[in-house]
Amino acid sequence: MSVSTAAVDPSLCAPLPVLGADVTVPLVTGGEVTYAALDYAASAPALRRVWDDVAAYAPYYGSVHRGAGYLSQLSTDLFESSRAAVAEFLGCREGDQVVFTRSTTDSLNLLAAVLPADCRVFVFETEHHASLLPWGDSRVTCLDAPRTPAQAVATLERALADREPYGPALVCVTGASNVTGELWPVRELAAAAHAHGARIVLDAAQLAPHHPVDITELDVDWVAFSGHKLYAPFGSGVLAGRSDWLLEAEPYLAGGGASRSVTRRPDGGVDVQWHTTAARHEAGSPNVIGVYAIASACRALTEAGFPALVARERALVDRVRAGLAEVPEVRVLSLFGDDAPRVGVLSFVVEGWNSSHFAAALSAEYGIGVRDGLFCAHPLVRTLLGGEPLEPGECGAPEAGPGEKSLNAIRVSFGAGTPDEHIDRFLGAVRELVGDGARWTYRTEDGRCVPDRGAAQV
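Residues numbered from 1 in each chain as written. Predicted model: local features only at pLDDT ≥ 70, side-chain atom pairs only at ≥ 80, totals over all residues. Heavy atoms only, no water.

1. Thoughts on the overall build of the protein chain
Consideration 1: When you go through the protein chain residue by residue, the secondary structure sums to 13 helices and 19 strands.
Consideration 2: Its C-alpha atoms give the protein chain a radius of gyration of 23 Å, within 12% of the compact-globule value 23 Å for 458 residues.
Consideration 3: Once the C-alpha set of the protein chain is aligned to its principal axes, its extents read approximately 75 × 55 × 55 Å.
Consideration 4: Across the 458 residues that make up the protein chain, the buried fraction comes to 55%.
Consideration 5: Across the protein chain, the fraction of contacts at a sequence separation of at least 24, relative to all contacts at a separation of at least 6, is 71%.
Consideration 6: Element-wise, carbon and sulfur atoms account for 52% of the exposed surface of the protein chain, whose accessible area totals about 18900 Å².
Consideration 7: Taking the 36 positively charged and 56 negatively charged side chains of the protein chain as two groups, their mean positions are separated by 3 Å. (Helix = DSSP H or I, 4+ residues; strand = E, 2+ residues; numbered from the N terminus. Rg over C-alpha atoms; globule rule 2.2 N^0.38 Å. Buried < 20%, exposed > 50% of the residue type's maximum accessible area, 1.4 Å probe, protein only. Contact = heavy atoms within 4.5 Å. Areas by Shrake-Rupley, 256 points an atom, 1.4 Å probe, with all protein chains shown as cover. Lys, Arg positive; Asp, Glu negative; His and termini not counted. Charge placed at Lys NZ, Arg CZ, Asp CG, Glu CD.)

2. Here we look at the sheet that holds strand 17 (residues 409-413)
Consideration 1: With antiparallel pairing, four strands are arranged side by side in an open sheet as 13-14-17-16. Where the open sheet ends on each side, the last strands, each with one partner, are strand 13 (330-332) and strand 16 (371-373). Within the sheet, the average angular offset between the axes of one strand and its neighbour, ignoring direction, is 30 degrees.
Consideration 2: Sheet topology note: the strand 16/strand 17 ladder contains three bridges and is antiparallel. Paired with R371 across the strands is R411, a residue of strand 17. (Pairing = 2+ DSSP bridges. Axes fitted to C-alpha atoms, helices over the stretch in contact; angles between N-to-C directions.)

3. Notes on the pattern of salt bridges
Consideration 1: In total, this model carries 16 salt bridges according to the counting rule given.
Consideration 2: Among the ionic pairs, R102 bridges to D106, the shortest N-O distance being 3.4 Å.
Consideration 3: Classification of R102 as exposed rests on a relative accessible area of 60%.
Consideration 4: Taking relative accessible area as the criterion, D106 reaches 8% and is therefore assigned buried.
Consideration 5: In this structure, R319 and D420 form a salt bridge, with 3.3 Å as the shortest nitrogen-oxygen distance. Of this pair, R319 sits in helix 10 (residues 306-325) while D420 sits in helix 13 (residues 420-436), and the two are 101 residues apart along the sequence.
Consideration 6: Residue R319 is classed as partly exposed on the basis of its relative accessible area, which comes to 31%.
Consideration 7: Through salt bridges with shared partners, a single ionic network connects R312, R319, D420 and D424. (Salt bridge = Lys/Arg side-chain N within 4 Å of Asp/Glu carboxyl O.)

4. Observations regarding empty space enclosed by the protein
Consideration 1: As enumerated under the stated definition, the model contains two cavities of 30 Å³ or more in all.
Consideration 2: Within this model, the largest cavity holds a volume of roughly 80 Å³.
Consideration 3: The wall of the largest cavity is formed by C13, A14, P15, L16, P209, H210, Y231, L309, R312, E313, G415 and A416.
Consideration 4: The class makeup of the residues in the lining of the largest cavity is eight nonpolar, two polar and two charged.
Consideration 5: In this structure, the second largest cavity encloses a volume near 50 Å³.
Consideration 6: Taken together, H65, R66, F79, G257, A279, E282, G284 and P286 form the lining of the second largest cavity.
Consideration 7: Looking at the lining of the second largest cavity, its residues break down into three nonpolar, three polar and two charged. (1 Å grid on protein atoms, 1.4 Å probe; cavity = no way out; pocket = protein on both sides within 12 Å on 5 of 7 lines; lining within 4 Å. Points joined across faces, edges and corners; volume = space filled by probe spheres on them. Nonpolar A, V, L, I, M, F, W, Y, C, P; charged D, E, K, R; others polar.)

5. Quick word on the side chain of R93
Consideration 1: With respect to the secondary-structure elements, R93 resides in the loop between helix 2 (70-89) and strand 4 (97-101).
Consideration 2: On the basis of relative accessible area, R93 is assigned to the buried category, the value being 18%.
Consideration 3: At a separation of 2.7 Å, a polar atom in the side chain of R93 contacts the main-chain carbonyl oxygen of V220.
Consideration 4: In terms of polar contacts, R93 uses its side chain to reach the backbone carbonyl oxygen of D221, at 3.3 Å.
Consideration 5: Setting aside residues no more than four positions away along its own chain, R93 makes contact with I215, T216, D219, V220, D221, G241 and R242. (Polar contact = N/O pair within 3.5 Å; in protein donor to acceptor, adjacent residues only side chain to side chain.)

6. Topic: the packing of helix 5 (residues 149-161) against helix 6 (residues 186-195)
Consideration 1: Relative to each other, helix 5 and helix 6 sit at 15 degrees, their axes nearing to 9 Å. Accordingly, the angle class assigned to the pair helix 5 and helix 6 is roughly parallel. For the pair helix 5 and helix 6, the sense of crossing is right-handed. In contact with A152, V153, L156, E157 and L160 of helix 5, helix 6 contributes E188, L189, A192 and A193.
Consideration 2: Considered class by class, the residues forming the contact of helix 5 with helix 6 number seven nonpolar, no polar and two charged. (Parallel < 35°, antiparallel > 145°, perpendicular 65-115°, else oblique. Left-handed = near helix turned anticlockwise from the far one by under 90°.)

Written out as structure tokens, the structure reads:
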């Protein structure tokens, strides 16, 4: 899966304006510095365009599908036009539905709730927990981590061909790893799934903010993603795709909005007619602001032009990889090899360092925000590190010595709003920390590594 950028000069594409670009943070060594947000894979900063759109709508906020008043009607129109905008962004087919949820996790749990009773689910151990855990152990086949895209396809084909009984099946696969950033062969996996009578859902949480996602082109059955990774705050998500399983199942949540008609029976019970649209799985008052923010982000990314965005991000990835390669103590984690195409997500370990201490030093001494730990992908991190990782947030383990394996990892992630200066500062900080060591000591506090202000500087 790739986007042609041959005619695009990445130097001509400026970072998209995001909130927080001028926020300063204190340094433990004294003074302040502009914050370098390099944790996009967890939550990307909101695009200024999205924030402005939401602010313009906010005075007109009203209930959706609930009122005859002008603001309610306006909010309902905005909510449904946002659904159409997301469908266009994803290249949905005729008959596909766009269901608004709380997040990617919620979207995949919704899909798990509507699967046919005898449906088998196939996932690779490399998945984020959001796409690894919703299905229930009794119906899941967990596949070993592949070491090449071709091996991924071959492994899936064998598993699907050998399934017993040979009934309904669903494949769940990431589009881009939240640990390594590597792109997965989605189109080829979809072809393998369909050749063996299975359906496929794409976890696009890390792909959609960096890369075009077209349901029709990729030939996937469903796509799930989150607004907060797509430069849209307010906690909404999307499940888009085929409608049949969604309409044949009971609503994911029972309540107002999902029901079309409710009548009392003489025996004291109730009879319910559920909606036969996306509303069937959108019970309760919708998060109209969150939904509008997603639609605004979809339009902003489309108008900015994905070829230019991809080209610039690819240049940033190359710069980070080249900079880290100059530090012998640094090992970048990868499944498919150093040359595998990836989005702006890279994880690494530093010989002789506890990864949590390293990430804490980047924050406290340089004003750089990265992520450390297991990234809600424990089996994948265990495979990549070849050992038992720490629990999330734990930083009190002994530091790895020369030649020893780190117990967790550091993740740097970036995207359309990242300025070149943040990348340069990050690489300079890595070189200084590895060469000179941290200027402060660190300790565990409430599950986080923080500067030990009661200790002497080192």
